[in-house]
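Summary of structural features
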Amino acid sequence: MTDPTGGAPATTIFHCSDLHFGHPAVPEQYEAMEALIEQRKYTVVAISGDVSQRARSGEFQRARAFIKHAEAFSRVLCIPGNHDVQWWKSPFGMGDETAMFATYRRFIDEDIEPVVHVPGVTLAGLNTSHGVTGGTLTWRLRDISIIGVVKREQVERLRRVFADAPADDARVIVMHHNPMKGELSQRHGLKNTKRALGAFADLAVDLVLCGHDHQDAIHYIEHTRKGTVISTAGTVSNRQRGGRPSSVNSITITPDRIDVATLVWSNSDHAFVPGPAKCFTR
Ligand SMILES: [Fe+2]
Ligand SMILES: [Fe+2]
């Protein structure tokens, strides 16, 4: 696909999140996503976690069908969200920690932090959903299985992934928890937001794709070297925040720009229609 404005090679990304297959799923909305993916033939489909509602086999099975369909048209990268982790199988590291991701791995991807290379862009999955650990302890007790954490060793892994990629590649991280405060929720999804954002600046990350907040947002964080664009996709389910419509983000990356456009669900059109959009210089 090429950039119609300048003829430069463009990478297009369909960014969706929090599909919550199972009870919250809205059939005509996920069918509309499938139609968009089929029509627009994005370079990459990125799914930033919470593909299930209760980490059940049947929910993952439907998510797998969505992924298999997308794979016919695009490269697909999916990472788990807090709803996809069976944290009760290994609270505080007790028991077999790998059991927490066994069902996700069986249906979605053996790799919970996949890396996808397409010409000009490296996308690295970052799993921020670690279940209930010492790192997720918080005074808000209900948050201990919900809140996300970025671990030091994960930052070092990202450093190696980007160091091994072509030097001119745009650096994209796909993670579940929102590092920016949600407008309606007034909350960050991560416990160690400052450290994570500092690491992204240090790694010269161009773009972060996340979700979890169930409210779409497009942010830009300025750093001394270069800034990072944050694409927070809303949910595509009946779990919208504040009565806002379901939404997905459609992204174009060229050597000098990153454009993020939100497509919002219209009940009257029974389709995703253009919503807020922002353009950034790389
Ligand atoms: Fe969610
Ligand atoms: Fe979540």
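Residues numbered from 1 in each chain as written. Chains lettered and ligands numbered in written order. Predicted model: local features only at pLDDT ≥ 70, side-chain atom pairs only at ≥ 80, totals over all residues.

With respect to the overall build of the protein chain
Within the protein chain one finds five helices and twelve strands. Computed over its C-alpha atoms, the radius of gyration of the protein chain comes to 18 Å, within 12% of the 19 Å expected for a compact globule of 282 residues. Dimensions along the principal axes, computed over C-alpha positions, put the protein chain at roughly 55 × 45 × 35 Å. Evaluated residue by residue, the protein chain yields a buried proportion of 45% over its 282 residues. (Helix = DSSP H or I, 4+ residues; strand = E, 2+ residues; numbered from the N terminus. Rg over C-alpha atoms; globule rule 2.2 N^0.38 Å. Buried ≥ 20, exposed ≤ 12 C-beta atoms within 10 Å, placed from the backbone.)

Topic: the environment of asparagine 267
Tracing the sequence through the fold places asparagine 267 in the loop between β11 (257-266) and β12 (271-281). Along the primary structure asparagine 267 and serine 246 are separated by 21 residues, whereas in three dimensions their C-alpha atoms are 10.0 Å apart.

Quick notes on the sheet that holds strand β10 (residues 247-253)
Strands sit in the order β3-β2-β1-β10-β11-β12 across an open sheet of six strands; the sheet is mixed. Of all the strands in the sheet, the pair left with one neighbour each is β3 (75-78) and β12. Shown here is a sheet whose adjacent strand axes are inclined to one another by a mean of 20 degrees, direction ignored. Pairing analysis gives nine bridges linking β11 to β12, with the strands arranged antiparallel. Considered in β12, the bridge of isoleucine 258 is made with phenylalanine 280. (Pairing = 2+ DSSP bridges. Axes fitted to C-alpha atoms, helices over the stretch in contact; angles between N-to-C directions.)

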